[in-house]
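Remarks on the overall topology
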Amino acid sequence: MTTRIIATGAYAPGQVITNNDLAKIVDTSDEWITQRTGIKERHISSGDNTSVLAINTAKQLLERAGVEAESVDLIIVASVTPDYGTPSLGCMVQKEIGAVNAVAFDVTAACSGFMFALSIADKYIRTGVYNNAIVIGAETLSKIVDWSDRSTCVLFGDGAGGAFVEKSETDGIIKEEIGTKGELYDILTEGYTSCSNAFNGNESGTDPLWYVNMNGREVFKFATKSVVKSVERVLASADVSPDEIAYVVPHQANVRIVEVISNKLKIPYEKFYMNMDRYGNTSSASIPMALNELNERGLVKRGDKILLTGFGGGMTWGTMLVSW
Ligand code: COA
């Protein structure tokens, strides 16, 4: 028994912000951003919160999977930018699509979030607890980006992507691993809320650590090292060689990270599916949004071996080998 992706979906807000638009608000240029990251534009919400993006993706997944909302067993949403502390985005999705028989919750693993959520769904399905799941990564990173910090604001975008998965006797998830290295947590943080208790007369207000704070070079090093090792372990445990891989769907952070990973793994660059030029880094939404585009373009066929792999804050990583 395994877990198979039977449908993919994605949703991005309509407003598109180009590198030249950003050059009007911070000291940057299209040339710098393109050379260092490969990003040309990103979608930025003009008011819709993360739940709206997640709900639109969930509706698309139900339609594409041809499944009634009442038949959904499990909803997991990965996000670092939920609307609320509580309720979870999962519960908000459950209400809006009418999945009255499902159980819903969120997971937090930053840009690896979708990989963690899919891994959890796989365990529930593989052990026979549930038959199917909606798994979504959804973010409005625009609300936790400091729009005056050129070193971070050029990198991120808003969006959501997801997969409908169900139990399968044949094709599906072959091998996967998720991992964490908490000792490096402070090289990439966001969303810090301080414990300033108004009762004790402390001042309230937005803490500077609310915004994305990142040591770009350390993150770059971590990303290349952790993804390469993780992919090598997953391929070895499945006894699959790199040349059997039809496509790699990497976390859409930076083309230079992908170049290093491609060289080290000896998997041709052309096999890495990328859309970060149009969406930027959408954190937990990035892998499912790219996977959905790959699928929509009809580039994968049944039985193809695909690798999904990503890294993120925490620090975290996750890799999955899938037979499509
Ligand atoms: N436009 C123009 N110049 C910029 C800039 C921008 N948007 N952002 C930074 N710079 C400047 C810096 O101030 C620095 O100037 P200095 O040399 O005068 O001090 C110079 O460019 C080089 O900065 P540096 O941070 O060393 O660049 P880099 O080559 O490391 O590239 C990143 C920066 C962020 C693109 C790169 O480190 C990276 O991609 N890291 C991984 C980040 C990531 O993937 N994060 C998401 C994790 S999920």
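Note: the structure precedes this text.
First things first, this report covers the structure right here in the doc. These numbers were taken from a predicted model, which means no experiment stands behind them. (Residues numbered from 1 in each chain as written. Predicted model: local features only at pLDDT ≥ 70, side-chain atom pairs only at ≥ 80, totals over all residues. Heavy atoms only, no water.)

**Regarding the overall build of the protein chain**
Secondary structure assignment for the protein chain yields ten helices and 13 strands. Here the protein chain has a C-alpha radius of gyration of 19 Å; the compact-globule value for 324 residues is 20 Å, and the two agree. Sorting the 324 residues of the protein chain into buried and exposed places 54% on the buried side. Across the protein chain, contacts joining residues at least 24 apart in sequence account for 77% of those joining residues at least 6 apart. Summing over all exposed atoms, the protein chain offers an accessible surface of approximately 14,000 Å²; the carbon and sulfur share of this is 49%. The distance from the centre of the 29 positive side-chain charges to the centre of the 39 negative ones in the protein chain is 6 Å. (Helix = DSSP H or I, 4+ residues; strand = E, 2+ residues; numbered from the N terminus. Rg over C-alpha atoms; globule rule 2.2 N^0.38 Å. Buried < 20%, exposed > 50% of the residue type's maximum accessible area, 1.4 Å probe, protein only. Contact = heavy atoms within 4.5 Å. Areas by Shrake-Rupley, 256 points an atom, 1.4 Å probe, with all protein chains shown as cover. Lys, Arg positive; Asp, Glu negative; His and termini not counted. Charge placed at Lys NZ, Arg CZ, Asp CG, Glu CD.)

**Overview of the nonpolar core**
Core analysis: the biggest nonpolar cluster contains 45 residues, and Leu235, Ile245, Ile261, Phe272, Leu307, Phe311 and Leu321 have the highest contact counts within it. Elements represented by at least two residues in this core include exactly helix H7 (216-238), strand E11 (245-250), helix H8 (255-265), strand E12 (305-312) and strand E13 (316-323). If you tally residues by element for this core, the top one is H7, at nine residues. In terms of domain composition, this core takes at least three residues from each of domain 1 (2-168) and domain 2 (174-323). Those residues within four positions of Ile245 in sequence are excluded, and the remaining contacts are Leu235, Val240, Lys271, Lys305, Leu307 and Leu321. (Core = buried A, V, L, I, M, F, W, Y, C linked by side-chain atoms within 4.5 Å. Domains from an automatic or database assignment.)

**With respect to the packing of aromatic side chains**
Any aromatic ring pair is given by two values, namely how distant the centres are and how the planes are angled relative to each other. Counting across every chain of the model gives two aromatic pairs. Taken together, a centroid distance of 5.1 Å and an interplanar angle of 50° make the contact between Tyr124 and Tyr130 tilted. Its relative accessible area of 31% is what places Tyr124 among the partly exposed residues. Geometrically, the ring pair formed by Phe222 and Trp317 is tilted, given 6.2 Å between the ring centres and 55° between the ring planes. With Phe222 in helix H7 and Trp317 in strand E13, this residue pair connects regions lying 95 residues apart in the sequence. Exposure class is identical for Phe222 and Trp317. Each is buried. (Phe/Tyr/Trp six-rings, centres within 6.5 Å; stacked < 30°, edge-to-face > 60°.)

All we've got here are geometric facts, nothing functional implied.
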